[in-house]
Amino acid sequence: MDTAYFIETIIKIVVLLLVFSALAGFGTYFERKVLAFMQRRLGPMHVGPYGLLQIAADGIKLFTKEDIVPQNVVGPIFKIAPVITAATAFMAAAAIPFMPSFTIFGYEVHPIISDINVGILYILGVMAIGLYGPLLGGMASANKWSLISAARAASVFISYEVVSGLSLLAPIMMVGSLSLIDFNNYQTGGVGSWMIWSQPVAFILFLIAAFAETGRTPFHLIANDHEIIDGFGTEYSGMRWGLFFIGEYANMFFISFVIALIFLGGFGDGSVGGALALLGKVSFIFFFFLWTRAAWPDVRPDQLMWLCWKVLMPIAVINIVITGIVIMF
Amino acid sequence: MFEAIAFYLFAILTISMFSIAVLTSQALYALTALAAGMIFISAFFFILGADFLGAVQIIVYTGAVLALYAFGMMFFDTTRDVVEKRTSPMLVFGMGGMAALLIVLIFAAPIVSDNITALYPVQEGVGNAQAVGMVLFTKYLVPFEVAAVMLLVAMIGGIILAGKKMDTSLTLLDEDKSPLSVETNEKAAS
């Protein structure tokens, strides 16, 4: 393990942290603007041109607000819960190739922190730990709304994990590898070779599971503002509350990268156009998350469990069987 | 050097987490320490180059410990200490020590007599997941299938035990027809 590799990895980790923490801030701005556009409002307009400096204002507010730990909460768990959500989101990103490899000053850079050969399993597993944040925050809060939210986090977890795992099994069988780079190289033959055309069912199932995983609107039941105040976030203030949001938005970006890499061709043959196309795909999926939030109502926890176990899981299993038969003959 | 640092770091973390899980009387501390310890163990698999087992360790134990959280939520007020009823501490201590000794002996016996040999050496040019699959579906096919059948039996048993009246939805029932309100009505009448 030479020094150059060590320094390169450290730099990559720092860049990833900075870029996606900042993007999480911009994500809140995009979300408010897109929702406002769809609801015929203006959204944030007052701070800076088109409200662009609203992010800075929100950041100052979050960082300088008093950090309150209420009475009767379980202190250490209460304090560590937001860190779990934010940290696991960034840990999952270690196995995502964000761009094709490029050469800078004669040194070849691979924009992936660690190309382990079980990339997808690792990403799904570590992203799943992120749900421990809402669960622990809710259970430690000594607040009934938070406890309901923790129970919902547990039910969401046992529902979506099966669907996301089984739906990805069929593409994994076709590619024969668990590394996201191999997935990308499988689809280098232009738009026609994208996985979405050969596995449309798996794509839709994984998209639904991604909504449940990130807790976005059709499945926003963990922190439903209009039923259980803010769920696990009710007792939090200041930067601890902000960490939950950095985790949620970073997760949305990372799962968009995963969907684009697995089903939408990724960065293609690795040219500059391919890299830009990947960014475009990721932006569209991120926009799709916001679009769905504006267009769909929320579902109840029992409806989510019904959907995942009784509808999506059988479809995923049938998809795997059909894929297996097609591959075999 | 990095491997040694990582090993000692995660060894200390794992042992301290499991110590908290055993020694604390707070259900939430115990569960969280258990989950953290289980996830830290996956680091050893990654250090040894067994990426697949490391990822599986993370996936399996996050789900398994989460089910324990659900039980903890139902049975305890997780923000308070659990007061245990200790009838005879010496008996518990003795039995616990004996059980631990027995487990160590069971696991140490084959190592001491050198009965463990690697029958399936690592193949060159084969990925981690493929290697696990090859061993699983050749040498260990029967135990694998038996384990699968056992899980199926457990699942069907669980559905049968929990599935009474599953075809009627409690949410959609009328107020006076729901089993909950029937009980309260009977109590009120008697």
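Residue numbering note: each chain is counted from 1, following its sequence as written. Key to labels: chains lettered from A, ligands numbered from 1, both in the order written. Given that the model is predicted, a residue must reach a pLDDT of at least 70 before its local features are reported, and side-chain atom pairs must reach 80 or more before they are shown or counted; all residues, however, enter totals for whole chains, interfaces and linings.

### Section: the interface of chain A and chain B
Note the following rule: In this description, a residue-residue contact is defined by the distance between C-beta atoms placed from the backbone, which must lie within 7 Å. Runs of E in the DSSP output that reach at least two residues are strands. Runs of H or I that reach at least four are helices, and both are numbered from the N terminus. Note on residue categories: nonpolar means Ala, Val, Leu, Ile, Met, Phe, Trp, Tyr, Cys or Pro, charged means Asp, Glu, Lys or Arg, and polar means any other residue, Gly included.
Listed per partner, the contact involves 27 residues of chain A and 21 residues of chain B. Of all the secondary structure elements, the ones that give two or more residues to the side of chain A that touches chain B are helix 4 (119–129), helix 5 (132–140) and helix 6 (144–175) of chain A. With seven residues, the single largest contributor to the side of chain A that touches chain B is helix 4 of chain A. Among the residues making up the side of chain A that touches chain B, the classes are represented as 23 nonpolar, three polar and one charged.

### Things to note about the packing of helix 6 of chain A against helix 3 (residues 51–75) of chain B
We count it as follows: Orientation is described by lines fitted to C-alpha atoms, with helices fitted over the stretch in contact, and by angles between N-to-C directions that extend from 0 to 180 degrees. The crossing is said to be left-handed when, going from far helix to near helix, the turn is anticlockwise and less than a right angle, and right-handed when the turn is clockwise.
Interhelical geometry of helix 6 of chain A versus helix 3 of chain B gives an angle of 150° and a closest axis separation of 10 Å. Relative to helix 3 of chain B, the crossing made by helix 6 of chain A is left-handed. Across the interface between the two elements, A150, A151, A154, F157 and E161 of chain A from helix 6 of chain A touch G63, L66, Y69, A70 and M73 of chain B from helix 3 of chain B. Residues that form the contact of helix 6 of chain A with helix 3 of chain B fall into these classes: eight nonpolar, one polar and one charged.

### Section: helix 13 (residues 301–328) of chain A
Residue and element names in this part refer to chain A. Applied cut-off: Any helix carries an expected span of 1.5 Å times its number of residues minus one. We define the bend at each residue as the angle formed by axes fitted to the 7 residues ending at it and the 7 residues starting at it.
Compared with an ideal rise of 1.5 Å per residue, which puts 28 residues at 40 Å, helix 13 spans 39 Å between its outermost C-alpha atoms and is within 8% of the ideal. The largest bend in helix 13 comes to about 35°, at L312, with the proline P314 one to four residues further on. Check the buried side of helix 13 and you find it contacts helix 6 and helix 9 (200–214).

### A short note on helix 4 of chain A
The condition that has to hold: Residue burial here comes from a neighbour count, namely the number of other C-beta atoms, placed from the backbone, that lie within 10 Å of the residue's own C-beta, with 20 or more meaning buried, 12 or fewer meaning exposed, and in between meaning partly exposed.
Burial of helix 4 of chain A is extensive: eleven of the eleven residues sit out of reach of the surface. Of all the positions in helix 4 of chain A, only G119, I120, L121, Y122, I123, L124, G125, V126, M127, A128 and I129 of chain A are classed as buried.

### Some words on unusual backbone geometry
All names here are of chain A. Positive phi is not limited to glycine here, since R40 has a value of about 55°. With respect to the helices and strands, the residue R40 is situated in the loop between helix 1 (3–38) and helix 2 (54–64). With 6 C-beta atoms packed within 10 Å, R40 lands in the exposed category. Its identity is not glycine, yet Y50 carries a phi of approximately 55°, on the positive side. Relative to the helices and strands, Y50 is located in the loop between helix 1 and helix 2. Exposure remark for Y50: the 13 C-beta atoms within 10 Å place this residue in the partly exposed category.

### A closer look at the confidence of the model for chain B
Caution applies to low-pLDDT regions: their predicted coordinates should not be interpreted in detail. Residues and elements named next belong to chain B. Inclusion rule: A residue's pLDDT is the confidence the predictor assigns to it, expressed on a 0 to 100 scale.
Summing up the model confidence of chain B, the mean pLDDT is 80 and the portion of residues at 70 or higher is 78%. Least confident of the elements in chain B is helix 7 (residues 179–189), whose mean pLDDT is 54; most confident is helix 6 (residues 141–162), at 90. Across the interfaces of the predicted complex, the ipTM metric reaches 0.79, alongside a pTM of 0.82.

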